[in-house]
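Chain and residue survey
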Amino acid sequence: MKIPSSIWTLLIGIVLTLVSFWYGQNHGLLPSAATDEAVLVDGLFNAMMIISTGIFLLVEGILIYSAFKYRRRAGDNEDGPPVEGNVPLEILWTAIPAIIVIGISVYSFDVYNEIGGFDPHAIHQAPMNQESMAMPGSAIAATLSDTPPSTEPNLNQEKSDQAMQDPATAEVRNADQIPQLRNAPGVGIVAPTIGGTPDKAGKPAGLRINVTGLQYAWIFTYPETGITTGEMHVPIGREVEINMTANDVIHAFWVPEFRLKQDAIPGRQSEIRFTPKKAGDYVLICAELCGPYHGAMRAPVVIEPQEAFDKWVQEQLVASKETLNQAVAVNPANLSPNEFLAPYTKDMGIQPEILHQVHH
């Protein structure tokens, strides 16, 4: 019994649909989802994989079938039938891609809005506050410079002046004062930004971290505790707000497991929010070409339970206190801790009250 072509078309369509849905949900191309926002992005990615898999199989299947069905047989030297076109078919294969593109666009916008990326009231040209937390530029210059110091005072002074003009060795700005700028008259959130989700819009995040990117490292500051470190720790289930800036050139904050990426721009603040949900060790990668050692610009990111996070914070505070005590122990002029450390803490942006609390 000969099966009608309409039945074959229906069966092939069902098979293609089932295969597309299965592969779209089981492609295994993405790393584990470590944040609540990652689930939304994965849903969009899976939907696009379902559609693209179905289209790929359909188009390639027709090509292979046509190449085999309408191949030239041995001894066949005749021309093919003159086909002038099919208007309904052309309308169909134009309308279907248009509908697919519009549907993906609407879905993409919805996901972008749900993760807090759409803020029509953001001020995209707002300047960054220059009175931000800093670390000594000379220390960074010494770290990044491969040239040993000269014994000639004038030459050292010239190198020092060059280092202060070089953005790669200038002060590292951790933007501790930027959130205060938002309350200034006529000033709003500095863009670009991925803020809080619609249900959390306008509410403060559970944890705020200031991040500075520089060639070729990431520096993290926890303004609530004054901790400054080269690795980022965040607790599970607590919304985290990242305030970013760059010291020299454009960098990009990207943790693949977070499914979020945001540029860190010199002279501006970029904000990004996320809620960690899966404990583990991850890697922060700079996703913007920033120089010859761009590939090595990475930093560890640790998602851990609240108890482990609190323990880490205490360890960092104890380590900071020990460092300060060691500095005071070699105080040659018997100055008070605040007086002795004032030249250093001023450059680092540490307030006297914080220093007093840490020391005592």
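The structure displayed is predicted, hence computed values, not measured ones.

**Overview of the overall build of the protein**
Scanning the protein from terminus to terminus reveals 9 helices and 11 strands. Taken over 360 residues, the protein has a buried fraction of 34%. Long-range pairs, those at least 24 residues apart, make up 72% of the contacts in the protein between residues at least 6 apart in sequence. Counting only carbon and sulfur atoms, one obtains 61% of the accessible surface of the protein, whose full area is about 21,500 Å².

**Side note on unusual backbone geometry**
Following Gln 215, the chain continues to Tyr 216 via a peptide bond in cis, the omega torsion being 0 degrees. Look at Arg 259: it is not a glycine, yet its phi comes out positive at around 60 degrees. Secondary-structure assignment places Arg 259 in the loop between β7 (251-255) and β8 (260-264). Accessibility expressed as a relative area gives 12% for Arg 259, which makes it buried.

**A few points about the confidence of the model for the protein**
For the protein, the average pLDDT comes to 76, and 68% of its residues sit at 70 or higher. The low-confidence segment residues 123-189 (pLDDT under 50) makes 116 contacts with residues lying over four places distant or belonging to another chain.

**Some points on the state of the cysteines**
Each disulfide consists of one covalent bond between the sulfur atoms belonging to two cysteines. By the definition in use, this model includes 0 disulfides. There is no disulfide at Cys 286, and the cysteine sulfur nearest it, in Cys 290, is 3.9 Å away. Residue class for Cys 286 comes out buried when judged on its relative accessible area of 2%. Overall, the relative accessible area of 4% leaves Cys 290 in the buried class.

**Considering the side chain of Thr 275**
Summarising the element assignment, Thr 275 is placed in the loop between β9 (270-274) and β10 (280-286). Using a relative accessible area of 4% as the deciding quantity, one classes Thr 275 as buried. Discounting residues that sit within four places of it in the chain, Thr 275 has contacts with Ala 34, Thr 35, Asp 36, Glu 37, Lys 200, Gly 237, Arg 238 and Glu 239.

**Digging into a positive patch on the surface**
There is a patch of like positive charges on the surface, built from Lys 2, Lys 69, Arg 71 and Arg 73. Tracing the sequence through the fold places Lys 2 in the segment before α1 (5-25). Assessed through its relative accessible area of 80%, Lys 2 is described here as exposed.

**Overview of the pattern of salt bridges**
Applying the stated criterion across every chain, the model contains 5 salt bridges. Note that Lys 261 is salt-bridged to Asp 263, the shortest N-O span being 3.5 Å. Here Glu 271 ties to Arg 273 by a salt bridge, and the two come within 3.5 Å at their closest N and O atoms. An identical accessibility class is assigned to Glu 271 and Arg 273; each is buried. What you see here is one network of salt bridges that share partners, running through Glu 239, Glu 241, Glu 271 and Arg 273.

**Considerations on the packing of helix α2 (residues 36-69) against helix α3 (residues 87-114)**
Orientation of α2 relative to α3, taken along the N-to-C sense of each, is 165 degrees, at an axis distance of 9 Å. What the angle tells us is that α2 and α3 run roughly antiparallel. Where α2 crosses over α3, the two elements pack in a sense that is left-handed. Facing Leu 40, Val 41, Gly 43, Leu 44, Ala 47, Met 48, Ile 51 and Ile 55 of α2, the residues of α3 in contact are Ile 100, Ile 104, Tyr 107, Ser 108, Val 111 and Glu 114. The residue makeup of the contact of α2 with α3, split by class, is 11 nonpolar, 2 polar and 1 charged.

**Brief notes about the nonpolar core**
Formed by 34 residues in total, the largest nonpolar core has its most connected members in Ile 209, Trp 218, Phe 220, Tyr 222, Met 232 and Ile 242. When residues in this core are grouped by element, the largest group, 4 residues, is from strand β6 (residues 240-246). Setting aside residues up to four positions removed in sequence, Met 232 forms contacts with Ile 209, Phe 220, Tyr 222, Ile 242, Phe 253, Phe 274, Pro 300, Val 301 and Val 302.

Reading guide: rules and limits
- Residues numbered from 1 in each chain as written.
- Predicted model: local features only at pLDDT ≥ 70, side-chain atom pairs only at ≥ 80, totals over all residues.
- Heavy atoms only, no water.
- Helix = DSSP H or I, 4+ residues; strand = E, 2+ residues; numbered from the N terminus.
- Buried < 20%, exposed > 50% of the residue type's maximum accessible area, 1.4 Å probe, protein only.
- Contact = heavy atoms within 4.5 Å.
- Areas by Shrake-Rupley, 256 points an atom, 1.4 Å probe, with all protein chains shown as cover.
- pLDDT = per-residue confidence, 0-100.
- Disulfide = S-S within 2.5 Å.
- Patch = residues over 30% accessible without salt bridge, like charges linked within 9 Å, V, L, I, M, F, W, Y side chains within 5 Å.
- Salt bridge = Lys/Arg side-chain N within 4 Å of Asp/Glu carboxyl O.
- Lys, Arg positive; Asp, Glu negative; His and termini not counted.
- Charge placed at Lys NZ, Arg CZ, Asp CG, Glu CD.
- Axes fitted to C-alpha atoms, helices over the stretch in contact; angles between N-to-C directions.
- Parallel < 35°, antiparallel > 145°, perpendicular 65-115°, else oblique.
- Left-handed = near helix turned anticlockwise from the far one by under 90°.
- Nonpolar A, V, L, I, M, F, W, Y, C, P; charged D, E, K, R; others polar.
- Core = buried A, V, L, I, M, F, W, Y, C linked by side-chain atoms within 4.5 Å.

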